[in-house]
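These are the residues of each chain, in order.
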Amino acid sequence: AEIVATPTIDTLEITGKRSLLIVDDNVELRQYLRKIFKDKFIIYEAENGTQGYELSQKHVPDIVVSDVLMDEVNGVDLCKKIKSDSLLSHIPVILLSGLSSVDSKLKGIESGADDYIVKPFEKELLIARINAILENRDTLHQYFQDSITLRNNTQKISATYKEFLEKCISIIEDN
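Not measured: the values here are computed from a predicted model.

About the cut-offs
Residues numbered from 1 in each chain as written. Predicted model: local features only at pLDDT ≥ 70, side-chain atom pairs only at ≥ 80, totals over all residues. Heavy atoms only, no water. Pairing = 2+ DSSP bridges. Helix = DSSP H or I, 4+ residues; strand = E, 2+ residues; numbered from the N terminus. Axes fitted to C-alpha atoms, helices over the stretch in contact; angles between N-to-C directions. Contact = heavy atoms within 4.5 Å. Phe/Tyr/Trp six-rings, centres within 6.5 Å; stacked < 30°, edge-to-face > 60°. Buried < 20%, exposed > 50% of the residue type's maximum accessible area, 1.4 Å probe, protein only. Lys NZ or Arg CZ within 6 Å of the ring centre and 35° of its normal. Parallel < 35°, antiparallel > 145°, perpendicular 65-115°, else oblique. Left-handed = near helix turned anticlockwise from the far one by under 90°. Nonpolar A, V, L, I, M, F, W, Y, C, P; charged D, E, K, R; others polar. Core = buried A, V, L, I, M, F, W, Y, C linked by side-chain atoms within 4.5 Å. Salt bridge = Lys/Arg side-chain N within 4 Å of Asp/Glu carboxyl O.

Draft legend 1. Examining the sheet that holds strand 5 (residues 115-118) more closely. Taken together, five strands build an open sheet; the order of strands is 2-1-3-4-5 and the sheet is parallel. Only two strands of the sheet have a single neighbouring strand rather than two, namely strand 2 (41-46) and strand 5. On average, adjacent strands in this sheet sit at an angle of 20° to one another, irrespective of strand direction. Looking at chain direction, strand 4 (residues 93-97) and strand 5 are connected through four bridges and run parallel. Paired with I94 across the two strands is D115, which belongs to strand 5. Strands strand 1 (18-23), strand 2, strand 3 (63-67) and strand 4 of the sheet are contacted by helix 2 (residues 27-37), whose axis makes an angle of about 170° with strand 2. Helix 5 (residues 102-110) contacts strand 4 and strand 5 of the sheet and is inclined by roughly 150° relative to strand 5.

Draft legend 2. How the structure looks around the packing of aromatic side chains. Within this structure, the stated rule accounts for one aromatic pair. Considering the side-chain rings of F37 and F41, the 5.7 Å spacing of their centres and the 80° angle between planes classify their relative orientation as edge-to-face. Taken as a pair, F37 and F41 share a single burial class, namely buried. Its guanidinium or amino end placed over the ring of Y53, K81 lies 4.4 Å from that ring's centre, counting from NZ or CZ.

Draft legend 3. Inspection of the packing of helix 3 (residues 49-59) against helix 4 (residues 75-83) at higher detail. Axis separation between helix 3 and helix 4 bottoms out at 9 Å; the angle between their running directions is 25°. Judged on the interaxial angle alone, helix 4 and helix 3 are roughly parallel. Helix 3 and helix 4 meet at a crossing whose hand is right-handed. From helix 3, G49, G52, Y53 and S56 reach across to helix 4, where they touch L78, K81 and I82. Here the contact of helix 3 with helix 4 is built from residues that sort into three nonpolar, three polar and one charged.

Draft legend 4. Seen up close, the nonpolar core. By size, the foremost hydrophobic cluster in this structure holds 21 residues, and its most contacted members are L21, V23, V64, L78, I82, V93 and L95. Counting residues per element, this core draws most heavily on helix 4, which supplies four residues. Once you skip the residues sitting within four places of it in the chain, I82 turns out to touch Y53, S56, V64, L88, S89, I91 and V93. L29, I63, I94 and I130 belong to the second largest nonpolar core, which has 18 residues in total.

Draft legend 5. Quick peek at the pattern of salt bridges. Here the structure, examined in full by the defined rule, presents eight salt bridges. In this structure, D103 and K107 form a salt bridge, with 3.5 Å as the shortest nitrogen-oxygen distance. One end of the pair is D103 and the other is K107, both in helix 5 and four residues apart, which spans about a single turn. For K107, a relative accessible area of 49% puts it in the partly exposed group.

Draft legend 6. Structural view of unusual backbone geometry. K119 connects to P120 through a cis peptide bond whose omega is -5°. Positionally, P120 belongs in the loop between strand 5 and helix 6 (123-148). Although it is not a glycine, V60 sits at a positive phi angle of roughly 40°. Within the secondary structure, V60 sits in the loop between helix 3 and strand 3.

See below:
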C-alpha cells in the first residue's frame, strides 16, 4: 500500500491564538513555560539567541520571552537584534534572568526589553506581565486605527504615544 502524505494546514490560518517565542537553553524551563502558555498561545521554542532570532524572522511572534544567560547569542544581544530589525522591532521582548543586580536589569532594559523579570518568578506575575504588554499594544493599535479612519475613540494612551501617532498621521495625510 502506498503512503500518501496528508497536506498540512498552517495553524495560524485556523486559530485566533497569538504566538509566543520562548528562548532558553534550559529544556525544563522551556517545557514549564510551554505548559503555562500552550492553551492561549501558539508556542515556538529556541535553545539559544541565534535560533531565537531565526525563528523571530520566520514566524514574527506576538511576544518573545528569553533567558538572559545563554551560549552563542545571549538574551540581551537577541533583544538588541530584534529591536534593531525594522521588521521585528515592534515585537515585545521579556527577559528572564537569575541576575537581580541593578546593572543586569539596566543592561536588559537598555537593550530595548519591554520587561525584565528575575528568576525564580511567580507564574501569575509572568502571565500578568505578558497580558498587560499585549493589551497595551492592542490599545495602541486600536487608537491608531481609529485615528486613521477618523472614528471617535475613547482609548486612553500615554501623551508620548499620542504625540508620536499624531505625527505619523500628519505625515501620512501630507503625502
